Amino acid sequence: MTKKEILVREALLGSNDKVAADVRRMLRQRKILGVNLMSSPGAGKTTLLERIAERLAGTHRLAVIEGDIETERDAERIRAKGVPAWQITTGGACHLEARMIGRVFPEIPSDLDFLFIENVGNLVCPAAYDLGESLRCVLLSIPEGDDKPKKYPKAFLTADCLLITKSDLLPVLAYDLEGVKREALDINPRLTVFVLSALTGDGLEPFLEYLHRAREKAAAPDA
Amino acid sequence: MHELSIITSLFETLESQARDHGAARITAVELKVGPLSGVVPELLQEAFDMFKLGTVADGAALTIVQPPVRVRCRSCGAETEPQGLVFKCGECGSTDLSLAAGTDLYLEKVELETD
């Protein structure tokens, strides 16, 4: 009987990362911007997507992959806006994984401008899984409270942008908006922060411009 | 709470390591888990102990190494450990940083036994 030690140095999520890299490559070849939306349940991801669908109708082509534990509800809301949507029900898993996206991918039209992936509502686990996106957005709604970034740091650490949503509620809630921005930027100084209301449309324009710029950058040959 | 899904993926790697090296069993596993990996070491340990029964790593000891968070400054080049959750350079205070360590989630090494 012999013993030996093997140095492996392999990422524990290596199989996820490989599929994510394939998805990212295919999206870039087709000049599609992949956007991963992460937040707690109820922060307004689907409502934001409905507004984006209305604003881009007729000028841009988009599709949405919806992640939920159960039900087809979110995909139905998106389809009602005339946007193709695929619902992934995880049956209990608290996050989407790249192979789930990989399975749906062959059905996605290849002539899109944007592919939005709405992750399972959860501010913790989704952050650990690369889905092949080029842009990762974390949403934090004002009713969730202003103490969240440092309580759930990983979501903010791995994001490219922070969307502080439901800004229409600012006048009625005690909320330290500047404090939230400061905390989030402490964790990730490279975050781009937007404050918006998907209900009223306030603050939506700067975020749409950001999406267009990100798409141009992701489609550039050296991206 | 995605530790079980991580452990499932770990055991796929362990099985293939044992196969590739013609090993009868795996006796020790070392993981590297950074504080910003989003994974709780205790839960990983529990999931490992549950999952290993009846596998090639049944009876394997799990060691979890936790390297500290380190940031590299793009302005002055220093590599420092941030204090708390405030990411700025410990030398010059710049916030133009890249993460050098802390999100690690690696299978570092395995100890194999052949009959």
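Counting of residues starts from 1 at the beginning of each chain's written sequence and follows it residue by residue. For this description, chains carry letters from A and ligands carry numbers from 1, given in the order in which they are written. Per-residue local features of the predicted model are confined to residues with pLDDT of at least 70, and side-chain atom pairs are confined, for both listing and counting, to 80 or more; whole-chain, interface and lining totals are unaffected and use all residues. In computing side-chain values, all of the structure's heavy atoms are included and hydrogens and water are not.

(A) Structural context of the interface of chain A and chain B. Listed by partner, the interface residues are 28 residues for chain A and 35 residues for chain B. Two parts lose some accessible area (1.4 Å probe) when they are put together, and adding that loss for both gives the buried area. Taken together, both faces of the contact between chain A and chain B bury some 2,900 Å²; the carbon and sulfur share is 58%. Counting the surface chain A buries against chain B, the share from its top three residues, K4(A), I6(A) and L12(A), is 22%. Throughout this description, the term salt bridge denotes a Lys or Arg side-chain nitrogen within 4 Å of a carboxyl oxygen of Asp or Glu. A salt bridge links K109(B) to E5(A); the shortest N-O distance between them is 3.8 Å. Between two residues, a contact is recorded if the distance between any of their heavy atoms is within 4.5 Å.

(B) Fine view of the sheet that holds strand β2 (residues 33-38) of chain A. Residue and element names in this part refer to chain A. Strand pairing is defined by DSSP finding a minimum of two bridges between the two strands. The secondary structure listing takes helices from DSSP runs of H or I that are at least 4 residues long and strands from runs of E that are at least 2 residues long, numbered from the N terminus. Pairing is parallel in the open sheet, where seven strands are placed in the order β4-β3-β5-β2-β6-β7-β8. Both outer strands of the open sheet, β4 (85-89) and β8 (192-195), are each paired with one neighbouring strand and no more. The mean inter-strand angle of the sheet, taken between neighbouring strand axes irrespective of direction, is 20°. Strand direction decides the pairing type here: strand β3 (residues 62-68) and β4, joined by five bridges, are parallel. Note that in β4 the partner of D68 across the bridge is T89. Axis definition: a line fitted to C-alpha atoms, over the contacting stretch in the case of helices. Angles run 0 to 180 degrees between N-to-C directions.

(C) Up close: the pairing of strand β3 (residues 70-73) of chain B. Residues and elements named next belong to chain B. Of the two faces of β3, the one holding V71 and C73 is buried and the one holding R70 and R72 is not buried anywhere. Across four bridges, β3 lies against strand β5 (residues 97-101) in antiparallel orientation. Opposite R70, over in β5, you have A101 as the bridge partner. Pairing analysis gives two bridges linking β3 to strand β4 (residues 79-80), with the strands arranged antiparallel. Its bridge partner being in β4, V71 is matched across the sheet by T80. Hairpin connection between β3 and β4: a loop of five residues separates the two successive antiparallel strands, and G77 in this loop has a positive phi of roughly 85°. Only protein chains enter the accessibility calculation, which uses a 1.4 Å probe. A residue is then buried if its area is under 20% of the maximum for its type, exposed if over 50%, and partly exposed in between.

(D) Region of the structure containing the side chain of S197(A). Residues and elements named next belong to chain A. Structurally, S197 can be placed in the loop between β8 and α8 (204-219). Given a relative accessible area of 0%, S197 falls into the buried group. Within 3.5 Å is the distance limit for a polar contact, defined as a pair of N or O atoms, with the added protein rule that one can donate a hydrogen and the other accept it, and that residues adjacent in sequence qualify only through two side-chain atoms. Within the local environment of S197, its side chain forms a polar contact with the backbone nitrogen of T200, the two atoms lying 3.1 Å apart. Not counting the four nearest positions on each side in its chain, S197 is found in contact with K166, S167, D168 and D202.

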